[in-house]
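# Observations on the model geometry
Each chain, letter by letter, is given below.
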Amino acid sequence: MIPGAFEYHRPESVGAAVKLLAELGEESRVIAGGHSLIPMMKLRMADLSHLIDLQKIDDLKGIRIEGGRITIGAMTTQHELITNAALQDAAPILREAALQIADPQVRYVGTLGGNVANGDPGNDMPGLMQCLDASFTLVGPDGERQVAARDFYEAAYFTARADEEILTAVSFDAPQGGYAYEKQKRKIGDYATAAAAVLIARNGDRCTAASIAMTNLADTPTYSAEAGAALVGSGLDDEAVKAAVTAALNAIEPAEDNRGPVEFKMHVAGVILRRAIDRAWSRA
């Protein structure tokens, strides 16, 4: 289908984009990569009078690594996450996850900010950002504020971002230890049936810290502090891993859809999470 008529705006600064959002109101939306918004407009599930394209705002692009803190501009593409050598060294889990998003054609245009900002429970980066304990920078008419990724997602397509705010950057501490992003999907380009992001730190044969989040298994990405805590202090024996998997499964609420019934999704989630834990431990 063809979307309805709309006016196209291309501001060159964050301030100009925020001003447009405030002036144009609820009939306007910002567009980053467009892979979520444009299909919805074509299906007439979103009927907008104004699109505000963020592509010309240079301040929203780029990757900075300073003193162990990583900051990524919202308009940085998935392809750039994959090819940036410094980011690969500092946080290789981002490259591992980005390589599993859709296909190269999508990754050349799709952005980190677009992936995390719209609250789609099937997107890969929101769960990963919760695993990394990332912070999102939001800019609106009242200035700038920070929102933790673990507090950002409220329901499917509902987030802590106000209508007049723009998500401008994502920041997190460079992770230490082992990592894994594991994903099961029906075919290339599909959303995950289940996906898991895992970070594990170890000292000798004992786990000293663990972070676990899962994707597309509830209305929001699911971070489970209890699952991570079940691994801490253990040598990741079967009992500890089983306890972590059980805690994570207790935190999710998958719904039946064309990827399978609830029982199947719960089974896949358990398998995927165990694989991610095993791989992260082996890399720690």
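See above for the structure.
Here is a short report on the structure shown in this document. (Residues numbered from 1 in each chain as written. Predicted model: local features only at pLDDT ≥ 70, side-chain atom pairs only at ≥ 80, totals over all residues. Heavy atoms only, no water.)

## Thoughts on the nonpolar core
One finds Leu94, Met125, Met129, Phe136 and Phe172 to be the most contacted residues of the largest nonpolar core, which totals 40 residues. In contact with Met125, other than residues within four places in its own chain, are Gln78, Leu81, Leu94, Ala97, Ala98, Ile101, Leu112, Asn115 and Val116. Counting residues in hydrophobic clusters, the runner-up holds 29 residues, among them Val198, Met214, Val268 and Ala280. (Core = buried A, V, L, I, M, F, W, Y, C linked by side-chain atoms within 4.5 Å. Buried < 20%, exposed > 50% of the residue type's maximum accessible area, 1.4 Å probe, protein only. Contact = heavy atoms within 4.5 Å.)

## Points about the sheet that holds strand S5 (residues 69-73)
Within the open sheet, the five strands sit side by side as S4-S5-S10-S6-S7. Their pairing is antiparallel. Across the chains shown, the open sheet's two edge strands, defined by having one partner strand only, are strand S4 (63-66) and strand S7 (143-148). Mean inter-strand twist for the sheet, computed between neighbouring axes without regard to direction, equals 20 degrees. (Pairing = 2+ DSSP bridges. Helix = DSSP H or I, 4+ residues; strand = E, 2+ residues; numbered from the N terminus. Axes fitted to C-alpha atoms, helices over the stretch in contact; angles between N-to-C directions.)

## Section: the packing of helix H11 (residues 238-251) against helix H12 (residues 262-283)
Where H11 contacts H12, the axes come no closer than 10 Å and their chain directions differ by 135 degrees. The orientation of H11 with respect to H12, classified from their angle, is oblique. H11 and H12 meet at a crossing whose hand is right-handed. When H11 is examined against H12, the residues Asp238, Val241, Lys242, Ala244, Val245, Ala248 and Leu249 are found in contact with a partner set consisting of Met266, Ala269, Gly270, Leu273, Arg274 and Ile277. (Parallel < 35°, antiparallel > 145°, perpendicular 65-115°, else oblique. Left-handed = near helix turned anticlockwise from the far one by under 90°.)

## Some points on the pattern of salt bridges
If charged atoms from side chains of opposite charge come close, those side chains can pair. Following the criterion strictly, the structure yields 14 salt bridges and no others. The salt bridge involving Asp53 is made with Arg10; its shortest N-O contact spans 3.0 Å. On the criterion of sequence distance, the pair formed by Asp53 in strand S3 (residues 50-53) and Arg10 in the loop between strand S1 (7-9) and helix H1 (14-24) is long-range, its members being 43 residues apart. Among the residues examined, Asp53 registers a relative accessible area of 8% and is labelled buried. According to the relative accessible area criterion, Arg10 is partly exposed, its value standing at 39%. Taken together, the shared-partner salt bridges in this structure form one network comprising Arg186, Asp190, Asp257, Arg259 and Lys265. (Salt bridge = Lys/Arg side-chain N within 4 Å of Asp/Glu carboxyl O.)

## What about unusual backbone geometry?
The backbone of Ala102 sits at a positive phi, close to 50 degrees, despite the residue not being glycine. Along the chain, Ala102 falls in the loop between helix H5 (92-98) and helix H6 (104-107). Taking relative accessible area as the criterion, Ala102 reaches 16% and is therefore assigned buried. Even without a glycine there, the phi angle at Tyr157 is positive, about 70 degrees.

## Thoughts on helix H8 (residues 124-131)
With eight of eight residues buried, H8 is to be regarded as a mostly interior element. Inspection of H8 places Asp124, Met125, Pro126, Gly127, Leu128, Met129, Gln130 and Cys131 among the buried residues, and these make up the whole buried set. Following H8 by one or two positions, Asp133 adopts a phi angle in the positive range, close to 55 degrees.

## Here's the deal with H11
For H11, which comprises 14 residues, the first-to-last C-alpha distance of 20 Å matches the rise-based estimate of 20 Å (1.5 Å per residue) to within 8%. Taken together, the buried positions of H11 are occupied by Ala240, Val241, Ala244, Val245, Ala247, Ala248 and Leu249. Each element contacted by the buried residues of H11 is listed here: strand S13 (206-215), helix H10 (225-231) and H12. For H11, the N-terminal capping position is held by Asp237, with its side-chain oxygen 3.1 Å away from the main-chain nitrogen of Glu239. (Expected span 1.5 Å × (residues − 1). Polar contact = N/O pair within 3.5 Å; in protein donor to acceptor, adjacent residues only side chain to side chain.)

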